[in-house]
Amino acid sequence: MPKGIPLTEEDQAARRHEIFHQVARIFLKKGFQETSMQEIAEAAGLGKSTLYDYFRTKDEILLYFFEDQLNDLTEAAQRIALQNIPADERLRQVMGVHLESLLANRSLFMKLSQDALRLKPESQKQIQKKRHVYQDLIRGLIEEGVREGAYREVDPLLAARMLIHLMAPVVFTSRPTGTAQQMLDETMDIFLKGIEVSDQRRSRVR
């Protein structure tokens, strides 16, 4: 773009996305804390002053990663939630997309999650706000599933939180019991159906 013409919001967002993915490899190699802004600028092919036009600090880059991932995940989930199919099917599809997102960025999540805990409280709140949007979408699908008779009456927000947190053992385990998709399917079955057998089955076993 010619010098002096300001970038649109869309151009700015696209450039930030491009810069992050250009520098992600240096975070994986050196670690976030050990990487300087100068090294980030060089990895992105920018001058340091130009980098500051997009990210003023390293923490802004870290915050961007988590917000960007949550935005993409929520947008994909919203598209699924609008489909004219039963809520329980939509919920499984959403968790499948969640799995794909975690797998695609597994190494970065592992590298950067601890660093994210060191962000300032206001940045933590920004991430939390976006997590809540996604969490509420899952809650809505569970509520629909209850109304449709697919699920029993439960606390939908608590159930949504539990389901989201069940994704980590599927992706980040050091002792996989199958492929990630197989473990997700089993996790969903355990979550939705439980591990208790019915009284009728118990009596047969006894």
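Everything discussed here concerns the structure shown above.
Everything numeric in this text was worked out from a predicted model, so none of it was measured.

1. Section: helix H4 (residues 58-81)
- In this model, H4 (24 residues) spans 35 Å end to end at C-alpha, consistent with the 34 Å of a helix rising 1.5 Å per residue.
- Buried residues dominate H4, accounting for 18 of its 24 residues.

2. Re the nonpolar core
- Core analysis: the largest hydrophobic core is formed by 55 residues, its most contacted members being Phe20, Phe27, Leu91, Met95, Leu112 and Ile138.
- No other element matches the eleven residues that H4 contributes to this core.
- Ignoring sequence-local partners within four residues, the contact set of Leu112 consists of Phe20, Phe27, Phe32, Leu62, Phe65 and Phe66.

3. Describing the side chain of Thr74
- Structurally, Thr74 is set in helix H4.
- Take Thr74: its relative accessible area is 7%, and that puts it in the buried class.
- Here Thr74 is in contact with Lys130, Val133, Tyr134 and Leu137, once residues within four sequence places are set aside.

4. Description of helix H10 (residues 180-193)
- Along its 14 residues, H10 runs 20 Å from first to last C-alpha, staying within 8% of the 20 Å computed at 1.5 Å per residue.
- Of the positions making up H10, those classed as buried are Met183, Leu184, Thr187 and Met188. Down the axis, H10 shows its buried residues gathered within 140° of arc, on one side only.
- Against the buried residues of H10 lie helix H5 (87-104), helix H8 (156-165) and helix H9 (167-172).
- Following H10 by one or two positions, Gly194 adopts a phi angle in the positive range, close to 75°.

Cut-offs used in this document
- Residues numbered from 1 in each chain as written.
- Predicted model: local features only at pLDDT ≥ 70, side-chain atom pairs only at ≥ 80, totals over all residues.
- Heavy atoms only, no water.
- Helix = DSSP H or I, 4+ residues; strand = E, 2+ residues; numbered from the N terminus.
- Expected span 1.5 Å × (residues − 1).
- Buried < 20%, exposed > 50% of the residue type's maximum accessible area, 1.4 Å probe, protein only.
- Core = buried A, V, L, I, M, F, W, Y, C linked by side-chain atoms within 4.5 Å.
- Contact = heavy atoms within 4.5 Å.
- Arc of directions from axis to C-beta.

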